Structure formats: C-alpha cells, structure tokens
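Residue strings, one per chain:
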Amino acid sequence: QVQLVESGGGLVQPGGSLRLSCVASRSIRSNTMRWYRQSPGKERQLVGQINSGGSLVYLESVKGRFTISRDAAKNTVYLQMNSLKPEDTAVYFCMFPFFQSWGQGTQVTVSS
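What you are looking at is a predicted structure, and each value in this text was computed from that prediction instead of being measured.

**A closer look at the overall build of the protein**
A count of helical and extended segments in the protein gives zero helices and 11 strands. Along the protein, helices (α) and strands (β) appear in the sequence β-β-β-β-β-β-β-β-β-β-β when read from the amino end. For 112 residues, the compact-globule formula gives about 13 Å, and the C-alpha radius of gyration of the protein, at 13 Å, lands near that figure. Overall, the C-alpha framework of the protein stretches about 40 × 25 × 25 Å when taken along its three principal axes.

The following block contains the structure:
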C-alpha cells in the first residue's frame, strides 16, 4: 500500500496560479501518477498523468494551463495550475494507479 498526501490548494482569483503537491509514502520512480478532480454533483475526472517515461497526458480543457511534473527523489508529484478559471474549482486528488491508492484531496476554489 501507499499513502498519498496532497497540499497546496486554496482560494485564488480567476487568472491566478496554484501549485499542488502530492507526497507518496514510497517511491514513485518508474510509476505512473495521476491527478483527478471532482466538482460537486459531477463525476471525478482525470486531469492528467505522467507515466514512468515522463510522457504527459492532459484533459483537453487544461492543456496549456496545467503542468504535471515530479521529483522522484522526494517521492512527489506536482500540478502547476496557471490561468485558473472558475470552472477549475474542485477537489483535486492524486492517484497511484499501481496500488489503486488515492490521496485525501485538496480543495481549489477559483473565485473573485
């Protein structure tokens, strides 16, 4: 098993930026890591992923605004979110597919 702890969420104005972090209790090296989000009344959706080789995949609506990266030495994956929009408001979760493990989520609210 693996524990995942997200941080970095908060309240930001439209057009602002946030960086989310997800620290894993074991090595993320050579593993795919994913970020999801869920808004009230909506299904959880995949925001993006980084695979073992570093290839990136993003939800169409966040392309060009969000960037996933990782620091394997710190067992940490990041989600840099720029040009945030009100529709980005959600709870953001990281996920370790190999262990089917989820973090507790961190709230991101984009509002003026």
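**Details of the pairing of strand β8 (residues 76-81)**
β8 sits mainly inside the fold: five of its six residues count as buried. Two elements, strand β7 (residues 66-71) and β8, share six bridges in a ladder whose sense is antiparallel. When the bridges of β8 are listed, D71 appears paired with T76.

**Things to note about the packing of aromatic side chains**
For the structure on display, the rule yields four aromatic pairs. Pairing F98 with F99 gives two aromatic rings, centres 5.0 Å apart and planes at 80°, and the pair type is edge-to-face. Relative accessible area serves as the criterion here: at 65%, F98 is assigned to the exposed category. Exposure remark for F99: the relative accessible area of 21% places this residue in the partly exposed category. Site record: aromatic cluster; members linked through ring pairs are Y36, F93 and W102. Cation over ring: R44 sits above F93, and NZ or CZ is 3.9 Å from the ring centre. In this structure, R44 packs its charged tip against the face of W102, placed 4.5 Å from the ring centre.

**Some points on the nonpolar core**
In this structure, L4, W35, F66, L79, M81 and Y92 are the most contacted members of the largest nonpolar core, which totals 26 residues. At the level of secondary structure, the elements contributing two or more residues to this core comprise β3 (18-24), β4 (33-38), β5 (45-50), β7, β8, β9 (90-96) and β11 (106-110). Residue contacts for Y92: discarding those within four places in its chain leaves E6, L20, Y36, R37, V47, F66, L79, M81, G105, T106 and V108.

**A short note on the pairing of β5**
Here five bridges tie β4 to β5, and the two strands are oriented antiparallel to one another. Paired with R34 across the bridge in β5 is Q49. Between the end of β4 and the start of β5, which pair antiparallel, lie six residues, with G41 showing a positive phi angle near 80°. Where β5 and strand β6 (residues 56-58) come together, three bridges link them in antiparallel fashion. Considered in β6, the bridge of I50 is made with L56. Hairpin geometry of β5 and β6 is characterised by an intervening segment of five residues between the two adjacent antiparallel strands and by a positive phi of about 95° at G54.

**Here's the deal with the state of the cysteines**
All told, the structure shown has one disulfide when counted by the stated rule. Covalently, C22 is tied to C94 through a disulfide, its sulfur atoms 1.9 Å apart. Here the disulfide of C22 and C94 is right-handed, its torsion about the S-S bond being about 55°. You can see C22 sitting in strand β3 and its partner C94 sitting in strand β9, a full 72 residues away along the chain.

Criteria and cut-off values
- All residue numbers refer to positions counted from 1 along the written sequence of the respective chain.
- With pLDDT at 70 or above as the cut-off, local features in this predicted model cover only qualifying residues; side-chain atom pairs require 80 or more to be listed or tallied, and sums for whole chains, interfaces and linings still use all residues.
- Only heavy atoms go into the side-chain values, all of them from the structure, while hydrogens and water stay out.
- By definition, any uninterrupted DSSP run of H or I lasting at least four residues is a helix, any uninterrupted run of E lasting at least two residues is a strand, and each is numbered from the N terminus.
- Radius of gyration here uses only the C-alpha atoms, and the compact-globule reference equals 2.2 Å multiplied by the residue count raised to the power 0.38.
- Burial classes follow relative accessibility: with a 1.4 Å probe on protein chains only, a residue under 20% of its type's maximum area counts as buried, one over 50% as exposed, and anything between as partly exposed.
- The pairing criterion is simple: DSSP has to find at least two bridges between the two strands.
- Side-chain rings of Phe, Tyr and Trp (the six-membered ring for Trp) are treated as a pair once their centres are within 6.5 Å; stacked means planes under 30 degrees apart, edge-to-face means over 60, and tilted covers the remaining angles.
- We call a charge positioned above a ring when the Lys NZ or Arg CZ atom is no farther than 6 Å from the ring centre and deviates by at most 35 degrees from the ring normal.
- Grouping buried Ala, Val, Leu, Ile, Met, Phe, Trp, Tyr and Cys residues that are joined through side-chain atoms within 4.5 Å yields what is termed a nonpolar core.
- When checking whether two residues touch, look at their non-hydrogen atoms; a contact exists if any pair is within 4.5 Å.
- Any two cysteine sulfur atoms lying within 2.5 Å of each other are counted as a disulfide.

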